[in-house]
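# Breakdown of the fold
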Amino acid sequence: MTHSDLSSTSLQTVPIHTEEDLLTARHAVRAAALAEGLGLVAQTKLVTAASELVRNCYVHGGGGVLRIERVLPPPRRGLRIVVADQGPGIEDPDAALADGYSTGPGLGHGLGGARRLVDEFELRSEPGRGTTVVITRWTA
Amino acid sequence: MTSPDIPIIRLGEVLVAGLSRELDDKTVMLFADELSRRIGDTRASTVVLDITKVEVIDSFAARMLMEIAAMARLLGARVVLAGMRYSVAITLAELGLALPGVETALSVEHALNRRAGP
Ligand SMILES: Nc1ncnc2c1ncn2[C@@H]1O[C@H](COP(=O)(O)OP(=O)(O)O)[C@@H](O)[C@H]1O
Ligand SMILES: [Mg+2]
């Protein structure tokens, strides 16, 4: 799957370098979800998934950026969140996606949980070069 | 140290605290400290955490709530999470976080009534 192509437009970018940025990112995603007409449950799921990803970006990835994009047809209309860092990357993505797997004090439900909360989930990571997670929620 | 963001009210043997809309990391940690002190001081048997206003509980906030509940239990008090929004409940379930060891109630009123019951 490609993103940032002609069928999507960037709405907003939030740098992720401090704990406050995590809140700012959440608020930005909430506002975008509201503006796209998502219902309360869908909004909450998307904001929570984004919250997991930006915290991972901050804690595990050493900081990075969150980008909010609107996906236009084709294929469908939707809201896409891209969270990217240039941190250490993830050695074993399958393990990292499993519930309960954490290399820190976390519960290890962030990545797998985020995947369950959205319609599309893509994890790209290269050890030593960083991690990018792209999540999409269809809005129509 | 006090956490003015999350006031803790005492009702007999019960402590009631209303969590703010956003559970940011520092506020929650200050609150945990303050709550443990208050439980120790008052020997409260129950802590009701009113989360009616909380719009998002991610795995970090869930872990904080579980740790607060565990800490309270060690001090002899049980924690009841009151008023979780259904959107938050659905999301937590999908995250796979059932908050083991944490009691829940529909509202603060329900939590207080349950205590007074048989
Ligand atoms: N952006 C990232 N950069 C490096 N490692 C990551 C990143 N995101 C997740 N990980 C790795 O994947 C594991 C699982 O992530 P997650 O499910 O969110 O659990 P937790 O954050 O609670 O540890 C993390 O413990 C970490 O090892
Ligand atoms: Mg995480």
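Analysis parameters
Residues numbered from 1 in each chain as written. Chains lettered and ligands numbered in written order. Predicted model: local features only at pLDDT ≥ 70, side-chain atom pairs only at ≥ 80, totals over all residues. Heavy atoms only, no water. Near = heavy atom within 4 Å. Polar contact = N/O pair within 3.5 Å; in protein donor to acceptor, adjacent residues only side chain to side chain. Areas by Shrake-Rupley, 256 points an atom, 1.4 Å probe, with all protein chains shown as cover. Nonpolar A, V, L, I, M, F, W, Y, C, P; charged D, E, K, R; others polar. Salt bridge = Lys/Arg side-chain N within 4 Å of Asp/Glu carboxyl O. Helix = DSSP H or I, 4+ residues; strand = E, 2+ residues; numbered from the N terminus. Axes fitted to C-alpha atoms, helices over the stretch in contact; angles between N-to-C directions. Parallel < 35°, antiparallel > 145°, perpendicular 65-115°, else oblique. Left-handed = near helix turned anticlockwise from the far one by under 90°. Contact = heavy atoms within 4.5 Å. Buried < 20%, exposed > 50% of the residue type's maximum accessible area, 1.4 Å probe, protein only. Buried area = accessible area lost by both parts, 1.4 Å probe. Pairing = 2+ DSSP bridges. Right-handed = clockwise from strand over helix to strand, strands pointing away. 1 Å grid on protein atoms, 1.4 Å probe; cavity = no way out; pocket = protein on both sides within 12 Å on 5 of 7 lines; lining within 4 Å. Points joined across faces, edges and corners; volume = space filled by probe spheres on them.

### Re the site of ligand 1
All names here are of chain A. Taken together, 17 residues are adjacent to ligand 1, and Asn 56, His 60, Asp 85, Ser 102 and Thr 103 come closest. Side-chain polar atom of Asp 85 to a nitrogen atom of ligand 1: 2.8 Å apart, as the coordinates give it. Ser 102 places a polar side-chain atom, nitrogen or oxygen, 2.5 Å from an oxygen atom of ligand 1. Here ligand 1 has 530 Å² of accessible area as a free molecule, and 92% of this is covered by the chains. Among the residues forming the shell around ligand 1, the class breakdown is five nonpolar, 11 polar and one charged.

### Some thoughts on the pattern of salt bridges
Considering all chains together, one arrives at 17 salt bridges over all chains under this definition. Of the charged contacts, one joins Arg114(B) and Glu103(B) as a salt bridge, the two residues approaching to 3.0 Å between their closest N and O atoms. Of the two residues, Arg114(B) is situated in helix α4 (residues 108-116) and Glu103(B) in strand β5 (residues 103-105); the sequence distance between them amounts to 11 residues. Several salt bridges converge on common partners, so that one network encompasses Arg26(A), Glu22(B) and Asp58(B).

### Considering the packing of helix α2 (residues 40-59) of chain A against helix α3 (residues 86-95) of chain B
Put simply, α2(A) and α3(B) touch, their axes get as near as 9 Å, and they point 50° apart. Between α2(A) and α3(B), the angle falls in the class oblique. You can see that α2(A) and α3(B) cross each other, and the crossing is right-handed. Along its contact with α2(A), which presents Leu40(A), Val41(A), Thr44(A), Lys45(A), Thr48(A) and Glu52(A), the element α3(B) presents Tyr86(B), Ser87(B), Val88(B), Ile90(B), Thr91(B), Glu94(B) and Leu95(B).

### Some details on helix α4 (residues 110-117) of chain A
Among the eight residues of α4(A), six are classified as buried, and the element is accordingly described as predominantly covered. Within α4(A), the full set of buried residues consists of Gly110(A), Leu111(A), Gly112(A), Gly113(A), Ala114(A) and Leu117(A). Buried residues in α4(A) make contact with α2, α3 (93-97), β4 (120-126) and β5 (130-138) of chain A together with α2 (59-74) and α3 of chain B.

### Points about the interface of chain A and chain B
Counting from both sides, the interface comprises 24 residues of chain A and, opposite them, 23 residues of chain B. At the boundary of chain A with chain B, total buried surface from both sides reaches about 2,100 Å², with 54% on carbon and sulfur atoms. The largest per-residue losses of area from chain A upon contact with chain B belong to Arg26(A), Arg55(A) and Leu107(A), which jointly make up 25% of the total buried on that side. For the interface between chain A and chain B, the tally reads four salt bridges. One salt bridge in this structure joins Lys45(A) and Glu94(B), with 3.3 Å as the shortest N-O distance. Counting across the interface, chain A meets chain B through 10 residue pairs in polar contact (both at pLDDT 80 or more). Counting residues per element, the ones that place at least two in the side of chain A that touches chain B are α1 (19-35), α2 and α4 of chain A. At nine residues, the largest contribution of residues to the side of chain A that touches chain B is made by α2(A).

### Looking at the pairing of strand β4 (residues 78-82) of chain B
Within a regular strand, the side chains alternate between the two sheet faces. Residue and element names in this part refer to chain B. Most of β4 is tucked away, with four of its five residues classed as buried. Looking at chain direction, strand β3 (residues 46-50) and β4 are connected through five bridges and run parallel. Bridging from a neighbouring strand, Leu 49 pairs with Leu 81 of β4. Crossover β3 to β4 through α2 is right-handed.

### Overview of the layout of surface pockets
Within this model, the largest pocket holds a volume of roughly 730 Å³. Counting only elements with at least two residues in the lining of the largest pocket, the list comes to α2, β3 (78-85), α4 and β5 of chain A together with α2 of chain B. The element contributing the most residues to the lining of the largest pocket is α2(A), with six residues. For the lining of the largest pocket, the per-class residue count stands at 13 nonpolar, 14 polar and six charged. There is about 150 Å³ of room inside the second largest pocket. Lining the second largest pocket, in full, are Glu19(A), Glu20(A), Leu22(A), Leu23(A), Arg26(A), Ser51(A), Arg55(A), Leu23(B), Asp24(B), Asp25(B), Lys26(B) and Asp58(B). Mapped by element, the contributors of at least two residues to the lining of the second largest pocket are α1 and α2 of chain A together with α1 (25-42) of chain B. The greatest single-element share of the lining of the second largest pocket, amounting to five residues, is contributed by α1(A). A per-class count over the lining of the second largest pocket returns three nonpolar, one polar and eight charged.

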